[in-house]
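# A look at the structure
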Amino acid sequence: MNEITNKIRATVITGGMSRKQFLSLTGRSVAAAAVASVASACATKGPVSQADNLQAVSPPARVPAAPMEPIILEEWKGEADAKAAPTPTPLPPDQRVGYAVVGLGHLSLEEIIPALATCKKSKLAALVSGSPEKLKKVALQYGVKPSSCYSYQTYDDLKNNPEVDVIYIVLPNGLHKEYVLRGAKTGKHILCEKPMANTAAECREMIAACNTAGVKLMVAYRIHYQPHNRKLREIIQQKELGNTKFIDASNCQSSANPDHWRHKKALAGGGALPDIGLYCLNTTRFVLGMEPTEVFGYQYSTPGNPLFTEVEEVMSWQMKFDGGIIANCSTHYNTHDSRYYRVLGEKGWVHIENAYAYKGQQMSKGYAEGKITNRQTLQIPENNQFAAEMDHFSDCIINNKKPFSTGEDGLQDHIIMEAIYESAKTGRPVKINSGVNLSRGPEPEIG
């Protein structure tokens, strides 16, 4: 046995034995023992490979001292591939801006509170709800201490919570004004869901209250922080497809509960137009960087449908802009989901499917080059729109900047919507000349 093993060891080390020869000498019963002996011989007498000297070494990197500058890792992708996004740069938890989320309905529980866990500059600090059971459960799920849980009656006590910097109003539209006015008195900055209120007059009160209190006010227009829509804005404003001529925008969905607040005019202010049609209106203003000079609207609700006894089922309207640009917009509360945005220019078009959805945007572009008709699909990484908008507001607070999505922006939308309702009622076009100061803060940084 030793003689055979020694022969095998010598032969294998010098590389002179095939697998067949090995098995013929040892048989399968002793192969394992021979291999172990061979391994031992290689460890002490055989040639040393480069792998034997490997050690765990961190990849080369440049590590900036500033917390919001990303770690720069070594390059590894070729120029032919898309570059990776910068490494995440979250602030330490004790430096993030604390948010009190007011209202624990669908939007808060399904989108906003989960998004706070992905934020770089923002964190969940407090909760406000009219349901003690819901409040307790959500607080346990997200680690909010009992002393930072409030009812609508104790809402004003947020002024005494030093961990709260921002109050995020996620209540039915008809309650926005009350809770913004009360929130401003606490000295906390205000982020208010869209639509800003029920009327333009309410918006003006909210803006005045925040100005008097010296707090920042931002309206949660998440589309301003969505990469596909921001790319569309860039294409339009850089005139990549020539001058814009026509826009077609539609946001439609099906609703089923007549008792839901969206179907009560006092709480919703209106139906499909302020709830989902607003995306068509505001996005058009956003991507064009222009304001409509005239609107014409058409409104309809199916007789006898309990969903639409107080609010409209469908609204279709056109907006006229300087330079002859026409935007054709529609919104519906009683159709299958359809959310798209299409811009027609002199030299081509751009289309976004699922334009106003929380995710799943698909962007395409069409144009001609001589005899070739091009159809491109632009692969743009998605982001969490809610996290992006909250981090923008947090950055404005940390660096004392004006928000990009201002209260005046929300006011302008209400002025335009009121004109659309008036046009639908009278059957005539309505001129828009609001005189609102629509200056924005700095462009947001979208990763």
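Please refer to the structure higher up on the page.
What you see is a predicted model; the values in this text were computed from it and never measured.

Our next topic: the state of the cysteines. Applying the stated criterion to the full structure yields 0 disulfides. There is no disulfide at Cys280, and the cysteine sulfur nearest it, in Cys329, is 5.4 Å away. Residue classification places Cys280 among the buried residues on the basis of a relative accessible area of 0%.

It is worth spelling out the sheet that holds strand S10 (residues 294-300) at this point. What the 9 strands build is an open sheet, ordered S16-S15-S14-S13-S9-S12-S11-S10-S17; its pairing is mixed. On the outer flanks of this sheet lie strand S16 (372-378) and strand S17 (430-431), each paired with one strand and no other. Bridge count between strand S13 (residues 334-345) and strand S14 (residues 348-353): 5 bridges; the pairing is antiparallel. Bridging from a neighbouring strand, Tyr340 pairs with Glu353 of S14. Against the sheet, helix H9 (residues 272-288) makes contact with strand S9 (244-254), strand S11 (314-320), strand S12 (326-332) and S13, and its axis sits at roughly 155° relative to S9, the strand it touches most. Relative to S10, helix H11 (residues 407-426) is tilted by about 60°, and along the sheet it contacts S10, S11 and S17.

Before going further, it helps to spend a moment on a nonpolar patch on the surface. A cluster of nonpolar residues, Val63, Ile71 and Leu73, forms a patch on the protein surface that exposes about 280 Å² of accessible area. Within the secondary structure, Ile71 is located in the loop between strand S1 (61-62) and strand S2 (72-73). Using a relative accessible area of 39% as the deciding quantity, one classes Ile71 as partly exposed.

This part covers the side chain of Asn229. Inspection of the secondary structure assignment puts Asn229 in helix H7 (residues 227-237). Not counting residues within four places of it along the chain, the set of residues in contact with Asn229 comprises Ile223, Thr283, Phe286, Val287, Ile352 and Ala355.

Judged by how many residues are buried, H7 sits mostly within the fold: 8 of 11 residues are covered. Pro227, His228, Asn229, Arg230, Leu232, Arg233, Ile235 and Ile236 are the residues of H7 that are buried. Its buried side turned inward, H7 meets S9, H9, S13, S14, strand S15 (362-369) and S16. A distance of 2.9 Å separates the backbone nitrogen of His228 from a side-chain oxygen at the start of H7, and that oxygen is part of Gln226. Looking one or two residues past H7, Lys239 carries a phi angle of roughly 55°, positive in sign.

Within soluble globular proteins, side chains that are nonpolar tend to cluster in buried spots. Counting 98 residues, the largest nonpolar core has Ile169 and Met390 as its most contacted members. Per-element tally for this core: the top contributor is H9, with 8 residues. Once residues within four sequence positions are removed from consideration, Ile169 is found in contact with Val102, Tyr155, His176, Tyr179, Val180, Ile190, Leu191, Cys192 and Glu193. In terms of nonpolar packing, the next biggest core, distinct from the first, is built from 5 residues, Ile276, Leu307, Phe308 and Tyr333 among them.

Sheets are built from strands that pair by backbone hydrogen bonding, the pairs being arranged parallel or antiparallel. The strand order across the open sheet built from 6 strands is S5-S4-S3-S6-S7-S8, with neighbouring strands paired in parallel fashion. Lying at the two open borders of the sheet, with one neighbouring strand each, are strand S5 (149-150) and strand S8 (217-220). Pairing between strand S4 (residues 122-128) and S5: 2 bridges, direction parallel. Across the sheet, residue Val128 finds its bridge partner in S5, namely Tyr150. The strands that helix H5 (residues 176-185) touches are strand S3 (97-102), strand S6 (166-169) and strand S7 (189-193); relative to S7, the one it contacts most, it runs at about 170°.

Checked against the element boundaries, Ala388 lands in helix H10 (residues 385-398). For the pair Ala388 and Pro444, spaced 56 residues apart in sequence, the C-alpha to C-alpha distance is 8.7 Å. When sequence neighbours within four positions are dropped, the list of residues in contact with Ala388 reads Tyr225, Asn383 and Ile446.

Turning to helix H3 (residues 106-116), its buried residues are Ser108, Ile112, Ile113, Ala115 and Leu116. End-on view of H3: buried residues confined to an arc of 150°, all on one side of the axis. Lining the buried residues of H3 we find S3, S4, helix H4 (132-142), S6, S7 and H10.

Cut-offs and rules
Residues numbered from 1 in each chain as written. Predicted model: local features only at pLDDT ≥ 70, side-chain atom pairs only at ≥ 80, totals over all residues. Heavy atoms only, no water. Disulfide = S-S within 2.5 Å. Buried < 20%, exposed > 50% of the residue type's maximum accessible area, 1.4 Å probe, protein only. Pairing = 2+ DSSP bridges. Helix = DSSP H or I, 4+ residues; strand = E, 2+ residues; numbered from the N terminus. Contact = heavy atoms within 4.5 Å. Axes fitted to C-alpha atoms, helices over the stretch in contact; angles between N-to-C directions. Patch = residues over 30% accessible without salt bridge, like charges linked within 9 Å, V, L, I, M, F, W, Y side chains within 5 Å. Areas by Shrake-Rupley, 256 points an atom, 1.4 Å probe, with all protein chains shown as cover. Salt bridge = Lys/Arg side-chain N within 4 Å of Asp/Glu carboxyl O. Polar contact = N/O pair within 3.5 Å; in protein donor to acceptor, adjacent residues only side chain to side chain. Core = buried A, V, L, I, M, F, W, Y, C linked by side-chain atoms within 4.5 Å. Arc of directions from axis to C-beta.

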